[in-house]
Amino acid sequence: MKPPLLLIGQGSNDDAYAAEFGRFVHRLRCRLDHTAVDVSGGYLERATPRLSDSVASLMARGHHRLVALPLSLSRVGEEFPAAMALEQQRHPTLMYDYGRPLGPDPRVLALLADRLGEAAAEMARPRPLELVGARPRLRAVDTPALDDVPGQVEPGETAVVLVGEGSTDATANAEIHRVSRLFWETHAYDYMTVETAFVSVTPPGVPGGLERCRRLGAKRVIVVPYLLFAGGLLERVWAQALAYGAGHPDLDIRCAEVIGDCETLADVVIDRYEEALQLVH
């Protein structure tokens, strides 16, 4: 029997993120059920189930070796291996293999291209952003009258802003810049540029990325979140784009969706799982 797969999330207080994380864990359980691989998920902080509870549950079911995989698009910090080392202290018989983060896998870049394409396809039906309710959740307002529809904008007049989370780790931030370049050269080469921005911690923020595109002469900008699941971070990305757009009505700004729970993402995770097993044998 193969060892179980333990997905590790950073943790968030956001219910939307937790719900999508849970759906993705369930998807993987269904995908790996025929191989009798147990799948579990746990958070480092702020959300349940906690990593410690998930490990304890696996141990109680007789699993003493597992594959721990950070469910992250970027370089992970020391908190992930430190958390697993702590679990090993709590459970001396526990052995684990550490899987690589998802990173800029070609399939992840292709998913970003899908989200970009979906946002671009909405250009025939402009949907300006609008705040909804007390929280900064955003929705698309009704389609404007035909006279209000902007003229044709070519891809060469359209820029893309790829938005990462932002980190105090300079290497992690540099990785996002690398992803932007890879994305431009492999999937967005028809567009004017792909700029990099961050939702928090480090500059440039989303407004800074949009401003650079405006100064380069873009007539339209599509904001593409480099995020796995919907939640508070996505809302912040959209809210920052909305705030900038309010002061620059001449610039047509669109926001794409996150990568989200999907079969292709599950393919990447399963490959990382199998890779971790092969490194041991």
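In this text, all values refer to a predicted model and were calculated from it rather than measured experimentally.

## Quick notes on the overall build of the protein
Of the regular secondary structure elements, the protein holds eight helices and 10 strands. Within the protein, buried positions represent 47% of all 281 residues. Here the analysis covers contacts within the protein between residues at least 6 apart in sequence; of these, 76% occur between residues at least 24 apart. Summed over all atoms, the accessible surface of the protein reaches about 13200 Å², with 52% contributed by carbon and sulfur.

## A few points about the confidence of the model for the protein
On average, the protein scores 88 in pLDDT, and the residues at 70 or more come to 89%. Long-range and interchain partners of residues 132–147, a stretch whose pLDDT sits below 50, account for 28 contacts in this model, where long-range means more than four residues apart.

## As for the packing of aromatic side chains
The tally for this structure, following the rule as stated, stands at three aromatic pairs. Between the aromatic rings of Tyr17 and Phe229, the centroid separation amounts to 5.5 Å while the plane-to-plane angle is 65°, which identifies the pairing as edge-to-face. Taken together, the positions of Tyr17 in helix α1 (residues 15–32) and Phe229 in the loop between β9 (220–225) and α7 (232–247) put the pair 212 residues apart, joining distant regions of the chain. Relative accessible area serves as the criterion here: at 3%, Phe229 is assigned to the buried category. A ring pair is formed by Phe21 and Tyr43, whose centres lie 4.6 Å apart and whose planes are at 35°; its orientation type is tilted.

## Overview of helix α6 (residues 206–215)
By the burial criterion, the buried members of α6 are Val206, Gly209, Leu210, Glu211 and Cys213. Residues of α6 that are buried make contact with β7 (158–164), β8 (194–198), β9, α7 and β10 (252–255). Just downstream of α6, Gly217 is the residue with a positive phi angle, here 100°.

## As for the nonpolar core
Counting residues in each nonpolar core, the largest one holds 50 residues, and the members touching the most others are Leu5 and Leu7. The contact partners of Leu7, leaving out residues within four places of it in the chain, are Phe21, Phe24, Val25, Leu28, Ser40, Gly41, Gly42, Leu69, Leu71 and Val269. Ranked by size, the runner-up nonpolar core spans 21 residues in total, among them Val163, Ala241, Leu251 and Val258.

## A short note on unusual backbone geometry
Each neighbour pair has its own omega, and for Pro203 with Pro204 the value is -5°, a cis peptide bond. Phi at Ala36 is positive, roughly 60°, even though this residue is not glycine. As for its position among the elements, Ala36 is in the loop between α1 and β2 (39–43). Despite not being glycine, Val201 has its phi angle at roughly 75°, a positive value. The residue Val201 is located in the loop between β8 and α6 in this model.

## Details of the environment of Arg214
Considering the arrangement of structural elements, one finds Arg214 in helix α6. Residue classification places Arg214 among the partly exposed residues on the basis of a relative accessible area of 32%. Sequence separation between Arg214 and His248 is 34 residues, and the spatial gap between their C-alpha atoms is 9.3 Å. In this structure, Arg214 is in contact with Tyr244, His248 and Leu251, ignoring residues within four places of it in sequence. Within the structure, Arg214 has its side chain in polar contact with the side chain of Glu211 (distance 2.7 Å). Engagement of the side chain of Arg214 in a polar contact is seen with the side chain of Tyr244, the distance being 3.4 Å.

## With respect to the sheet that holds β9
Taken in spatial order, the four strands line up as β8-β7-β9-β10 in an open sheet, and their pairing is parallel. Since the sheet does not close on itself, it has two edges, and those belong to β8 and β10, each with one partner. Taking each pair of neighbouring strands and ignoring which way they run, the sheet shows an average axis angle of 25°. Sheet analysis places β9 next to β10, joined by four bridges and oriented parallel.

About the cut-offs
- Residues numbered from 1 in each chain as written.
- Predicted model: local features only at pLDDT ≥ 70, side-chain atom pairs only at ≥ 80, totals over all residues.
- Heavy atoms only, no water.
- Helix = DSSP H or I, 4+ residues; strand = E, 2+ residues; numbered from the N terminus.
- Buried < 20%, exposed > 50% of the residue type's maximum accessible area, 1.4 Å probe, protein only.
- Contact = heavy atoms within 4.5 Å.
- Areas by Shrake-Rupley, 256 points an atom, 1.4 Å probe, with all protein chains shown as cover.
- pLDDT = per-residue confidence, 0-100.
- Phe/Tyr/Trp six-rings, centres within 6.5 Å; stacked < 30°, edge-to-face > 60°.
- Core = buried A, V, L, I, M, F, W, Y, C linked by side-chain atoms within 4.5 Å.
- Polar contact = N/O pair within 3.5 Å; in protein donor to acceptor, adjacent residues only side chain to side chain.
- Pairing = 2+ DSSP bridges.
- Axes fitted to C-alpha atoms, helices over the stretch in contact; angles between N-to-C directions.

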